[in-house]
Amino acid sequence: MDYDLLRATHILSMVLWIGGMMFVQWFLRPALLHLAAPERVMLLQEVLLRFFRAVIVASLAMLISGAWMLSNMLLRFRRADLPFEMPISWWVMTIAGTFMVGVFFHIRLNLFVSLRAALQFNDPERIASALSKIRIWVSINLVLGLLIIVTMYVF
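Keep in mind that what you see is a predicted model, and the values were worked out from it rather than measured. (Residues numbered from 1 in each chain as written. Predicted model: local features only at pLDDT ≥ 70, side-chain atom pairs only at ≥ 80, totals over all residues. Heavy atoms only, no water.)

Colleague: For the pattern of salt bridges, give the residues involved together with the corresponding values.
Modeller: As enumerated under the stated definition, the model contains 1 salt bridge in all. When the shortest N-O distance is used, the salt bridge between R50 and E46 registers 2.8 Å. Here R50 and its partner E46 are both found in helix α2 (residues 37-79), 4 residues apart, which amounts to about one turn of the helix. Given the relative accessible area of 52%, R50 is considered exposed. (Salt bridge = Lys/Arg side-chain N within 4 Å of Asp/Glu carboxyl O. Helix = DSSP H or I, 4+ residues; strand = E, 2+ residues; numbered from the N terminus. Buried < 20%, exposed > 50% of the residue type's maximum accessible area, 1.4 Å probe, protein only.)

Colleague: I'd like a rundown of the packing of aromatic side chains, residues and numbers included.
Modeller: Tallied over the entire structure, the rule returns 8 aromatic pairs. Look at F52 and F112: their rings are 5.2 Å apart centre to centre, the planes differ by 85 degrees, and that puts the pair in the edge-to-face class. In this pair, F52 sits in helix α2 while F112 sits in helix α3 (residues 88-120), placing the two residues 60 residues apart along the sequence. The same class applies to F52 and to F112, which are both buried. (Phe/Tyr/Trp six-rings, centres within 6.5 Å; stacked < 30°, edge-to-face > 60°.)

Colleague: Can you tell me about the side chain of N141, naming the residues and giving the values?
Modeller: Looking at where N141 falls in the secondary structure, it is placed in helix α4 (residues 124-154). Polar contacts involving the side chain of N141 include one to the main-chain carbonyl oxygen of M100, which spans 3.1 Å. (Polar contact = N/O pair within 3.5 Å; in protein donor to acceptor, adjacent residues only side chain to side chain.)

Given below as structure tokens:
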């Protein structure tokens with residue numbers, strides 16, 4: 001596959017994921033405070049459900065395109081019989097990005113499921129707890145994503 005197409009897939013997936021987290025954390029969530037709690041939670045659940053579907057695709061596209069680009073680069077260096085040392089920024093991206101995917105699946109498969117169960121039983125304490133945990137883990141992922149972006153342009 002063409003390296004430029006892989007890179008574009010990688011970057012567009014990153015933009016969707018990190019931009020979506022920024023939108024939800026910094027714009028949507030504060031705006032929802034003007035709604036009554038039941039409407040706020042239902043709207044947020046619907047938004048997260050749609051966003052998480054996109055992030056599943058984006059995170060897998062990022063992992064696959066990143067691994068493919070890295071293996072292509074390694075293969076090119078080996079064919080030229082040159083040593084390959086991965087830049088520090090690539091290490092940061094690989095480690096932090098993989099961790100981000102793990103955090104996302106924890107959010108989606110554990111915390112979001114807890115939120116939906118709490119909503120089903122109309123348990124305000126569990127709803128608040130699940131939303132708080134989701135917000136914290138999304139904040140962690142957002143910081144990691146921004147760290148990756150900064151690292152790419154600094155190192």
